[in-house]
Amino acid sequence: ASEAGEAAAVAALVRYPQLLSVSVEANLRPTADYLRSLGVDVGRVVRSHAITLDLSLEANLKPTVSFLQREGVEELGRVLSSQPSLLSLSTQSSLAPKCDFLRSLGMAPLGPLLTQYPAVLTLSLEANLRPTALALAEAGVLSPPDPTLRPR
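As a starting point, this report considers the structure included with it. Only a predicted model underlies this, so the values are computations on that prediction, with no experimental measurement involved. (Residues numbered from 1 in each chain as written. Predicted model: local features only at pLDDT ≥ 70, side-chain atom pairs only at ≥ 80, totals over all residues. Heavy atoms only, no water.)

1. Some details on the overall build of the chain
The following threshold applies: Secondary structure follows DSSP: runs of H or I at least 4 residues long count as helices, runs of E at least 2 residues long count as strands, and numbering of each begins at the N terminus. Relative accessibility thresholds used throughout: buried, under 20% of the residue-type maximum; exposed, over 50%; partly exposed, between the two (1.4 Å probe, protein chains only). Residues are treated as being in contact if the distance between any of their heavy atoms lies within 4.5 Å. The protein chains shown are the only cover counted for residues, whose accessible areas, like all others here, come from Shrake-Rupley with a 1.4 Å probe.
Along its length, the chain carries eight helices and zero strands. Of the regular secondary structure in the chain, the N- to C-terminal order runs α-α-α-α-α-α-α-α. Split into buried and exposed, the 152 residues of the chain put 37% on the buried side. Contacts in the chain between residues far apart in sequence, at least 24 positions, make up 62% of those at least 6 positions apart. Of the roughly 8,300 Å² of accessible surface on the chain, a fraction of 57% belongs to carbon and sulfur atoms.

2. Some points on the nonpolar core
Note the threshold: Residues grouped as a nonpolar core are buried Ala, Val, Leu, Ile, Met, Phe, Trp, Tyr and Cys residues, joined through side-chain atoms within 4.5 Å.
If you look at the biggest cluster of nonpolar residues, it comprises 36 residues, and the most contacted ones within it are Leu68, Leu80, Leu87, Leu114 and Leu121. In terms of residue count, helix 4 (residues 57–70) provides more of this core than any other element does, five residues in total. Residues within four places of Leu87 in sequence aside, it is in contact with Leu35, Thr52, Leu55, Asn60, Leu61, Thr64, Val65 and Leu80.

3. Quick word on the environment of Asn60
Inspection of the secondary structure assignment puts Asn60 in helix 4. C-alpha separation for the pair Asn60 and Thr91, spaced 31 residues apart in sequence, amounts to 8.6 Å. If near-sequence neighbours (up to four positions away) are discounted, Asn60 is found in contact with Leu55 and Leu87.

4. Examining the packing of helix 6 (residues 91–104) against helix 8 (residues 125–138)
Inclusion rule: Orientation is described by lines fitted to C-alpha atoms, with helices fitted over the stretch in contact, and by angles between N-to-C directions that extend from 0 to 180 degrees. Roughly parallel refers to an angle under 35 degrees, roughly antiparallel to one over 145, roughly perpendicular to one between 65 and 115, and oblique to any angle outside these ranges. Three classes are used, and their members are as follows: Ala, Val, Leu, Ile, Met, Phe, Trp, Tyr, Cys and Pro are nonpolar, Asp, Glu, Lys and Arg are charged, and the others, Gly among them, are polar.
At a minimum axis separation of 11 Å, helix 6 and helix 8 run at an interaxial angle of 0°. Taken together, the axes of helix 6 and helix 8 are roughly parallel relative to one another. Taking contact as the criterion, the partners of Pro97, Lys98 and Phe101 in helix 6 are, on helix 8, Leu125, Leu129, Arg130 and Ala133. Along the lines of polarity and charge, the residues of the contact of helix 6 with helix 8 split into five nonpolar, no polar and two charged.

5. Re the packing of aromatic side chains
Keep this limit in mind: Stacked, edge-to-face and tilted are the three classes for Phe, Tyr and Trp ring pairs, Trp counted by its six-membered ring, which pair at centre distances within 6.5 Å; planes under 30 degrees apart are stacked, over 60 edge-to-face, the rest tilted. Placement of a charge over a ring requires the Lys NZ or Arg CZ to be within 6 Å of the ring centre, with the centre-to-atom vector within 35 degrees of the ring normal.
The tally for this structure, following the rule as stated, stands at zero aromatic pairs. The ring of Tyr34 carries the charged tip of Lys62 above its face, separated from the ring centre by 5.7 Å.

6. Considerations on helix 2 (residues 24–37)
Three or more residues of helix 2 are buried, namely Thr31, Ala32, Tyr34 and Leu35. Buried residues belonging to helix 2 abut helix 3 (42–49) and helix 4. With its phi angle positive at about 90°, Gly39 sits one or two positions after the end of helix 2.

Written out as structure tokens, the structure is:
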């Protein structure tokens, strides 16, 4: 391995030492292979969000990828390489409510938006998306103001 690769591996272990306990055959290799099959830069993912390699392939990664595909996200490899934290978000309690909210603002279809700006799904619905949309509605940018914009 190159010195840069070794340094990146050490940095990932310092940030997420639990990786040392993850099974190579049961988790690391299948997860890395799956991500590579999607065109994901696994090295970049490990450097920025090492916990991804500890996520369950069947319970976390595949459902999230299926969700993003159903929403019309293209270039999954690029999207997940740039925002690997998406893979650790719950589809039911995090991703779906955010997508529903964006649709309520008239942003359907979501595929192009999420492909260009996947980080929008990492924002808090209550602390970021809803208050910003409300401020934009009150400023007359979003029209007509939608009652669902009010913070809960």
